[in-house]
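A closer look at the structure
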Amino acid sequence: MNRYLSQYRENEEPILGWGFIVLFLLAWEFIPHVVPLPKGLALFFTTPYHIAVKLVEMSTSGDVAFHFYVSASEFVIGLGLSIIVALPVGLVMGRFYTLNAMFDPFVTAFNATPRLVFLPLVVLWFGFGIWSTVVIVFIGALFPLLINTYEGVKNVDRVLINVVRSFGANEWQLMKIVVLPNSMPYIIAGLRLAIGRAILGVVVGEFFGSDQGVGFLMAEAAGNYIVDVVFAGLILFMGISLVMTMAVKKLEDRLSRWRPEQVKTF
């Protein structure tokens, strides 16, 4: 008994997380059989079994694989470009007052503007296709990561900075030894937000500015009342987001080994 209890405590977080998902799916599958839905609502409703069947059917189609490849490419390119731009700009804004005063009004204004507003202009500039969606993904993912990086730099302990500087460290060494490691929790949090915004950018871009991708398939299926395909596309997007979020969490665990271990609370 103690051995099973010990194994449970070691794997408590994934057991609780995945266990809740399984219970949710079981409830979703069986409740409609117990509580009959009104005819009007039943037309727009489906169950996990039918979604799984549709996913299997779609996976055997080369056309669907192409659309998934397009969506994944847009996501990876847009998110990658946002990381390349947001990290150095956020670090520089946090360290240099003059550059912060110059860039902050633009960052604040663009961050407060809904991303959907940029779509007509982006389509005019980049055309109707993959690159307009990449730009929307880039814009959506850029600002959460940039702002979190900036806040992380501003919240670095000034005592640590002064101590390292007293030993003759230059700005690059200061950034490498103190600023970047202490800003990492903020950067990781910003990256998690950026992943969600990037997925949203793919969906919005493909709904309104593309004729290919999983988002395009979902919009087309919704127009024809094919609910299974809509939910199947949703599952594919959730899969991309889940894989990327788990990868970021692994990166966070790896980069945070030097921090004191947090005590679980009950």
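Before reading further, recall that the structure is shown in the block above.
What comes next is a walk through the structure. (Residues numbered from 1 in each chain as written. Predicted model: local features only at pLDDT ≥ 70, side-chain atom pairs only at ≥ 80, totals over all residues. Heavy atoms only, no water.)

Comments concerning the side chain of S82
This is how it is decided: In this description a helix means any DSSP run of H or I spanning at least four residues, a strand means any run of E spanning at least two, and both kinds are numbered starting from the N terminus. Every residue pair with non-hydrogen atoms within 4.5 Å of one another is taken to be in contact.
With respect to the secondary-structure elements, S82 resides in helix α5 (residues 62-95). Beyond its immediate chain neighbours, meaning those up to four positions away, S82 contacts F138, A141, L142 and L145.

Considering the packing of aromatic side chains
Basically, it comes down to this: What counts as a ring pair is set by centres within 6.5 Å for rings of Phe, Tyr and Trp (its six-membered ring), and what kind of pair is set by the plane angle: stacked under 30 degrees, edge-to-face over 60, tilted for all other angles. Summary of the burial criterion: residues with accessible area below 20% of their type's maximum are buried, those above 50% are exposed, and those between are partly exposed, where the area comes from a 1.4 Å probe applied to protein chains only.
The tally for this structure, following the rule as stated, stands at 1 aromatic pair. Residues F110 and F143 carry aromatic rings whose centres are separated by 6.3 Å and whose planes lie at 5° to one another, so their mutual orientation is stacked. Of this pair, F110 sits in helix α6 (residues 97-112) while F143 sits in helix α8 (residues 130-154), and the two are 33 residues apart along the sequence. In this structure F110 comes out as partly exposed when scored by relative accessible area, which is 38%. Overall, the relative accessible area of 8% leaves F143 in the buried class.

Focus: the nonpolar core
Cut-off, in case you're wondering: The nonpolar core is taken to be a set of buried Ala, Val, Leu, Ile, Met, Phe, Trp, Tyr and Cys residues, with the residues joined through side-chain atoms within 4.5 Å.
Counting residues in hydrophobic clusters, the biggest one holds 34 residues, and the most contacted among them are F75, L79, L145, L146, A198 and F237. When residues of this core are traced back to their parent elements, those giving at least two are α5, α7 (119-126), α8, α10 (171-209), α11 (214-223) and α12 (227-255). Sorting elements by how many residues they give to this core places α10 first, with 11 residues. If sequence neighbours within four positions are ignored, L79 has contacts with V137, A141, A194, I195, A198 and M244.

What about the packing of α6 against α8?
Threshold: For every element, the axis is a line fit to its C-alpha atoms; helices are fit only across the contacting stretch, and the angle between N-to-C directions ranges from 0 to 180 degrees. Reported orientations rely on four angle classes, namely roughly parallel under 35 degrees, roughly antiparallel over 145, roughly perpendicular from 65 to 115, and oblique for the rest. Left-handed describes a crossing whose near helix is turned anticlockwise from the far helix through less than a right angle; right-handed describes the clockwise counterpart. Classification used: nonpolar for Ala, Val, Leu, Ile, Met, Phe, Trp, Tyr, Cys and Pro, charged for Asp, Glu, Lys and Arg, polar for all others including Gly.
In contact at an axis separation of 11 Å, α6 and α8 are set at 140° when each is read in the N-to-C sense. It follows from the interaxial angle that α6 and α8 lie oblique. The handedness of the crossing between α6 and α8 is left-handed. Taking contact as the criterion, the partners of N100, V107, F110 and N111 in α6 are, on α8, F143, L146, I147 and Y150. Taken together, the residues of the contact of α6 with α8 break down into 6 nonpolar, 2 polar and no charged.

Side note on the environment of L145
One can find L145 in helix α8. A relative accessible area of 1% means that L145 is categorised as buried. Note: C-alpha distance between L145 and L193 (48 residues apart in sequence) is 7.4 Å. Not counting the four nearest positions on each side in its chain, L145 is found in contact with S82, I83, A86, L87, I187, G190, L191 and A194.

Side note on the side chain of E74
Mapped onto the elements of the fold, E74 is located in helix α5. The buried category is assigned to E74, whose relative accessible area is 0%. Those residues within four positions of E74 in sequence are excluded, and the remaining contacts are I130, T133, V134, V137, V202 and E206.

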